[in-house]
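The lines below spell out each chain.
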Amino acid sequence: MSGRRGFLKSMALGGAGLLGRHWWGTPDRGAPLDLAVRVVQAAGAVGLAWPVTTATERTVTQLLTSVFGSTSALQDAAQLSHAQLQQRLAQRIQQDYQKADLVQHRGWWLAASEAAILELGCRLGRTANNLGQSAWTGVRRARWSS
Amino acid sequence: MFIDGRTLAAGTQLSADVCIIGMGPAGITLARALQSTAPRWNVLCLESGGLELDPNTQALAKGDVTGLPYYPLESTRLRYFGGSSGHWGGYCRQFEPIDFEARDWVPHSGWPIRHRELASYYPQAQQLCELSDCDYDPASWHLDNTPCLPLWGNEVRTRLIQFSRPTRFGQCYRADIAQASDIRVYLNSNVLSIDVPSEGGRVTGLTVGTLSGGRFKVSARIYVLAAGGIENARLLLASNRVMSAGVGNERDLVGRFFAEHMQLDSAAVFPLNGATSFDLYALESRHRPRTSICAGGSQIGVMGYLALSEQAQREAKTLNYSANLHATYWSDFFLHTRQPEQEERSMLQAAADAVATVWNNLKQAGQLALQRLPGREGETFYKIITSQEQAPNPASRVALATAKDAFGMPLAALHWQLCELDRHSLTVSLHKLARAFGGGNLARLLQPSDFKDGWPSYMVGSWHHCGTTRMSDSAASGVVDAHCQVHGVKNLYVAGSSVFPTNGHGNPTLTIVALALRLAEHLRKVLQ
């Protein structure tokens, strides 16, 4: 079918081809992985000292430990460069996608590990300000907060 | 040759070997094909409109919409010579083998013919639609700097759409028809009833009227309905003077199983880095000519789309699915003007919407301008435009409305419906796309709704009217047989997408033309 008329009309009304905005907003592209890196860096910096009380947090603790081998390795990982951390997490997340281990998280189809990290990032941002500050910044930037 | 039906004397009786009702892509293809080889049969064509659009004739296509929101019916079809090819977008792709199969997870699925029985007609159909003779596999094209995405796994694959100019059948083939002495096209001639004897079994003639008040009769050895997916059903149902349920409708199947291709902004894709090109799949680049590597190396606009593999469909028990990508610079206003209910909105609401849209566009323009700054290139994201097969659904139907047209014929009433299988397929398909993107570390996918609370108001159809005279082996499950003959009416045939038992995910025009070629071959045998 042709949308030419509607297109022309919209372009006129939109202001000589000014570009439109879709209804669900514009979250930052690639934010999930950036945020995951921030969580790891924040967690490593304080030695995983947050209160591990929820299933999500336990899941993420296990995840981070499995990614880096041990708690101490995680703390070491926190010293890695942003790019190195990003690469290691990306590999793990990609594996989850390939295993079809996906969940829907706030509308996003994500690897389970990726979603768990993000969820934790949100919790950290709300409950442990000193720990989660960097993560929370990412949360706000990425519009993950509810 | 063209003849204006309004010039005929009242009571004129016309006759021919074949009478074709409707001169869209199906009717024109059929008429020309019947004349392509000897013997050349005498073909009489009835076209509701003239050579140009006329609002009074177009008003005959009005109707009621009682199901899911839909466009005003008269906007979806063009009643003039060339039919709806006059506003066709030119999208062409072939149906796939799985589309013809009876799938146990898709109730009422299965064509009485296989893909291979249609495959031999596609090459000629592609010529008629002015396409390359090449196939739809990306490997058959020089895609140069718009490569296929390296999607992970084998559940999602890249296929191509070829773009017709688009071929306006009424312009492209007008001279052929005008010069063909054995093809008479009566313009401004509307079929008012398909006449059958009380015992049924065959058509004895057609009653035809003009908006100027003229009436005449047509008799032929064979009649072919080629008036579109809604009008074909309306004509059969409204021809109820002798048979109260209408012609060919003893089983109450005429008009049922109406199927569309939902167009739904179902999700968005966010590339993970700017290095991966999504251009091949973007609607914006669809008319960029690419060269086929087939003989002749023709240059045609092609566009990639994402499709589920047959294996993935079988394993997940889904309908056939495809998705295009659309960079997010359509305005909201464009989106909303495509909703039928917009017609009902007050001027005040419309003005408020327009102001909000302009404001949103200004904001978005600012954001996008920032994104174009050095170092922030490639931050575009894409809407996923779903085009999905519709599950055959007897409750989705065309019936007769109580309101009548200028001839006193009941208008069509469209009750478009979707079911749980449609929703399930959409969500599963998006999950698989997310996996293919994520596994390849290409992108993330955002799906704002699972549509469990109903279909959103911004879902629209594609003006693809299918299924209302579906093809089947048995009269118990369809309206026409494998040769498109109406079950139980030996000299009445149907051409067009109304005969599709299932509608695949693909655009229908190419298959309509291929089926018309196949029907012409069959009719030549019948006539001899």
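Residues numbered from 1 in each chain as written. Chains lettered and ligands numbered in written order. Predicted model: local features only at pLDDT ≥ 70, side-chain atom pairs only at ≥ 80, totals over all residues.

Description of the overall build of chain B
Then, number 1: The helix and strand tally for chain B stands at 13 helices and 20 strands.
Then, number 2: Taking 24 Å as the expected radius of gyration for a compact globule of 528 residues, we find that chain B reaches 24 Å, a close match to that expectation.
Then, number 3: Here chain B, with 528 residues, has 52% of them falling under the buried criterion.
Then, number 4: Considering only contacts in chain B between residues 6 or more positions apart, those separated by 24 or more positions represent 76%. (Helix = DSSP H or I, 4+ residues; strand = E, 2+ residues; numbered from the N terminus. Rg over C-alpha atoms; globule rule 2.2 N^0.38 Å. Buried ≥ 20, exposed ≤ 12 C-beta atoms within 10 Å, placed from the backbone. Contact = placed C-beta atoms within 7 Å.)

So, the confidence of the model for chain A
Residue and element names in this part refer to chain A.
Then, number 1: Averaged over chain A, the pLDDT score is 56; the fraction of residues at 70 or greater is 27%.
Then, number 2: For the stretch residues 1-32, pLDDT sits under 50, and the model shows 78 contacts to residues farther than four places along the chain or on other chains.
Then, number 3: In the model, residues 125-146 has pLDDT below 50 throughout and makes 44 contacts with residues more than four positions away in sequence or in other chains. (pLDDT = per-residue confidence, 0-100.)

Thoughts on the pairing of strand 18 (residues 410-415) of chain B
Residue and element names in this part refer to chain B.
Then, number 1: When strand 4 (residues 63-65) meets strand 18, the two strands line up parallel, connected through three bridges. Within the sheet, the bridge partner assigned to glycine 63 lies in strand 18 and is alanine 412.
Then, number 2: Judged from the five bridges that link them, strand 17 (residues 397-404) and strand 18 form a sheet pairing that is antiparallel. Along strand 18, the bridge assignment pairs arginine 397 with histidine 415.
Then, number 3: Where strand 17 folds back onto strand 18 in an antiparallel hairpin, the turn is made up of five residues, including glycine 408, whose phi is positive at roughly 85 degrees. (Pairing = 2+ DSSP bridges.)

Brief notes about the pairing of strand 15 (residues 321-327) of chain B
Residue and element names in this part refer to chain B.
Then, number 1: For strand 15, the tally of buried residues reaches five of seven residues, placing the bulk of the element in the interior.
Then, number 2: Inspection of the sheet shows strand 15 paired to strand 16 (residues 382-388) by seven bridges, in the antiparallel sense. What sits directly across from alanine 323, in strand 16, is threonine 386.

What to know about unusual backbone geometry
Residue and element names in this part refer to chain B.
Then, number 1: Residues alanine 38 and proline 39 are joined by a peptide bond in cis, for which omega reads -10 degrees.
Then, number 2: Checked against the element boundaries, proline 39 lands in the loop between helix 1 (25-34) and strand 3 (43-46).
Then, number 3: Going from arginine 165 to proline 166, the amide bond is cis rather than trans, its omega being 15 degrees.
Then, number 4: Locating proline 166 in the fold gives a position in the loop between strand 7 (156-163) and helix 6 (169-172).
Then, number 5: You will see that asparagine 441, though not glycine, has its phi angle at about 55 degrees, which is positive.
Then, number 6: If you trace the backbone, asparagine 441 turns up in the loop between helix 12 (420-439) and strand 19 (443-446).
Then, number 7: Its identity as a non-glycine residue notwithstanding, tryptophan 463 has a phi of 65 degrees, on the positive side.
Then, number 8: Relative to the elements of secondary structure, tryptophan 463 occurs in the loop between strand 19 and strand 20 (492-494).
Then, number 9: Residue tryptophan 463 is classed as buried on the basis of its C-beta count, with 21 C-beta atoms lying within 10 Å.

A word on the sheet that holds strand 18 of chain B
The strands making up a sheet associate through hydrogen bonds between their backbones, and the pairing can be parallel or antiparallel.
All names here are of chain B.
Then, number 1: Spatial ordering of the open sheet is given by 4-18-17, a layout of three strands whose pairing is mixed. Edge strands, defined here as strands with exactly one partner in the open sheet, are strand 4 and strand 17. Along the sheet, successive strands turn relative to each other by an average axial angle of 30 degrees, direction set aside.
Then, number 2: Helix 8 (residues 231-238) rests against strand 17 and strand 18 of the sheet, and its axis sits at about 65 degrees to strand 17. (Axes fitted to C-alpha atoms, helices over the stretch in contact; angles between N-to-C directions.)

Considering the nonpolar core
Residues and elements named next belong to chain B.
Then, number 1: If you look at the biggest cluster of nonpolar residues, it comprises 156 residues, and the most contacted ones within it are Val18, Cys19, Leu30, Val224, Ala495 and Ala516.
Then, number 2: Ranked by residue count, the leading element in this core is helix 13 (residues 509-527), at 10 residues.
Then, number 3: When residues no more than four places from it in sequence are discounted, the contact partners of valine 18 are Leu34, Trp41, Val43, Ala220, Arg221, Ile222, Val224 and Leu523. (Core = buried A, V, L, I, M, F, W, Y, C linked by C-beta atoms within 7 Å.)

Comments concerning the environment of glutamate 310 of chain B
Residues and elements named next belong to chain B.
Then, number 1: Assignment of secondary structure puts glutamate 310 in helix 9 (residues 310-316).
Then, number 2: Look at glutamate 310 and you get partly exposed, because 15 C-beta atoms sit within 10 Å.
Then, number 3: Distance in space between the C-alpha atoms of glutamate 310 and asparagine 154 is 9.9 Å, their sequence separation being 156 residues.

Digging into the packing of helix 1 of chain B against helix 13 of chain B
Residues and elements named next belong to chain B.
Then, number 1: As a packed pair, helix 1 and helix 13 sit with axes 8 Å apart at the nearest point and diverge in direction by 35 degrees. Here helix 1 and helix 13 pass one another in a crossing that is right-handed. Contacts between helix 1 and helix 13 pair Pro25, Ala26, Thr29, Leu30, Ala33 and Leu34 from the former with Thr509, Ile512, Val513, Ala516, Leu517, Leu519, Ala520, Leu523 and Arg524 from the latter. (Left-handed = near helix turned anticlockwise from the far one by under 90°.)

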